[in-house]
Each structure stands twice: as structure tokens, then as C-alpha cells.
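Survey of secondary and tertiary structure
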Amino acid sequence: MQNHLLQILALFAMETPVSLDAEDIRNEKVKVLRPMQQLLLEDVIVGQYKGHNKGSKSYPAYIDDPTVPKDSLTPTFAAAALFINNARWDGVPFLMKAGKALHTKRDQSSVQTCPWKLVQAEFWN
């Protein structure tokens, strides 16, 4: 995954630092990244973009680039579920996606939570 995605994950998941000093923020980010679970193959998807037509416009495949070998298996897309093994984030997947030549160009971070009643039901039963 790209470094800036891991930086966003660390900023989101870290505890509040004792100050806004760069070293205090770094220390809290490290506390998040150190207990990260090693990626498992079943938690990762990779792919490579293919050529296609959209209306009258033609989009080349990755291997159509003259600098890329025709038999290249280099991934141009990755999605992964990352897990932080600590008390706050245990069992919570952080879903990351990155790719080249996607249908839309965007940078997005979003948080999806479940209703508190579901959390309570799971916790208290």
C-alpha cells in the first residue's frame, strides 16, 4: 500500500497525543503501526487494468504501454484488509484500496460504523 494511505490510517487510529509536537504525534502513530497484523494472502486482492472502450474512446491496457513487457504480471490495483492487534481496534478491518487507471480519480477516506444497538447486543449477550 502507498505510504500516504498508511499515514492516514495511523492518524485515524492513534490515541490522542500528549501534545501536537511532531514527536508526540509520531510516537502515537508508531503505537498503531507496531501491532499491525502481518498481511495474509486471503486479505489481499491484486489486479492489473485491461484495455477497454467507453463510447468512442479507447483505453489501453497496462501491457499496451511500450515500456511494459507483454507478459507482465505487475499489479496496478491492490485492496487489502489491515488489522491492528490492540484493545481498541481488535477485529476491526481497515480496508485500503489503491490503483492506477481507475474509472474515477479520487482520494477518499471514510469511516463506516455499525449502529450502537448492534454493538450493545453483541457485547451484552
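Below is a short write-up of the structure. All values reported here derive from a predicted model rather than from experimental measurement. (Residues numbered from 1 in each chain as written. Predicted model: local features only at pLDDT ≥ 70, side-chain atom pairs only at ≥ 80, totals over all residues. Heavy atoms only, no water.)

**Brief notes about the environment of Phe77**
Tracing the backbone shows Phe77 in strand S4 (residues 77-82). Considered as a pair, Phe77 and Leu102 are 25 residues apart in the sequence and their alpha carbons are 8.6 Å apart. Those residues in contact with Phe77 that sit more than four places away from it in its chain are Ile45, Val46, Gly47, Lys97, Ala98, Gly99 and Leu102. (Helix = DSSP H or I, 4+ residues; strand = E, 2+ residues; numbered from the N terminus. Contact = heavy atoms within 4.5 Å.)

**Some remarks on the sheet that holds S4**
The sheet built from three strands is open, its strands ordered S1-S4-S5 with antiparallel pairing. In this open sheet, the two strands that pair with only one neighbour each are strand S1 (44-47) and strand S5 (94-99). In this sheet, adjacent strand axes meet at a mean angle of 5° when their direction is disregarded. Summarising the sheet, S4 and S5 pair through six bridges and their orientation is antiparallel. Across the sheet, Ala81 pairs through a bridge with Leu95, a residue of S5. Of the strands in this sheet, S4 and S5 touch helix H1 (residues 3-13), which is tilted by about 160° from S5. (Pairing = 2+ DSSP bridges. Axes fitted to C-alpha atoms, helices over the stretch in contact; angles between N-to-C directions.)

**Focus: the packing of aromatic side chains**
Under the defined criterion, the tally for this structure stands at four aromatic pairs. Judged by centre distance (5.8 Å) and plane angle (70°), the ring pair of Tyr49 and Tyr62 falls under edge-to-face. Of this pair, Tyr49 sits in the loop between S1 and strand S2 (52-54) while Tyr62 sits in the loop between strand S3 (57-59) and S4; the two residues are 13 residues apart in sequence, bridging distant segments of the chain. The rings of Phe12, Trp89 and Phe94 are connected pair by pair, giving a single aromatic cluster. Geometry around Tyr59 places Lys57 over its ring, the cationic atom sitting 5.4 Å from the centre. (Phe/Tyr/Trp six-rings, centres within 6.5 Å; stacked < 30°, edge-to-face > 60°. Lys NZ or Arg CZ within 6 Å of the ring centre and 35° of its normal.)

**Focus: the packing of H1 against helix H2 (residues 22-33)**
Any two packed helices are characterised by the angle at which their axes cross and by the distance between the axes. Look at H1 against H2: their axes get within 9 Å of each other, and the N-to-C directions meet at 100°. Classified by the interaxial angle, the pair formed by H1 and H2 is roughly perpendicular. Here H1 contributes Leu6, Gln7, Leu9, Ala10, Leu11 and Ala13 to the contact with H2, which in turn contributes Ile25, Lys29, Val32 and Leu33. Its residues placed into classes, the contact of H1 with H2 shows eight nonpolar, one polar and one charged. (Parallel < 35°, antiparallel > 145°, perpendicular 65-115°, else oblique. Nonpolar A, V, L, I, M, F, W, Y, C, P; charged D, E, K, R; others polar.)

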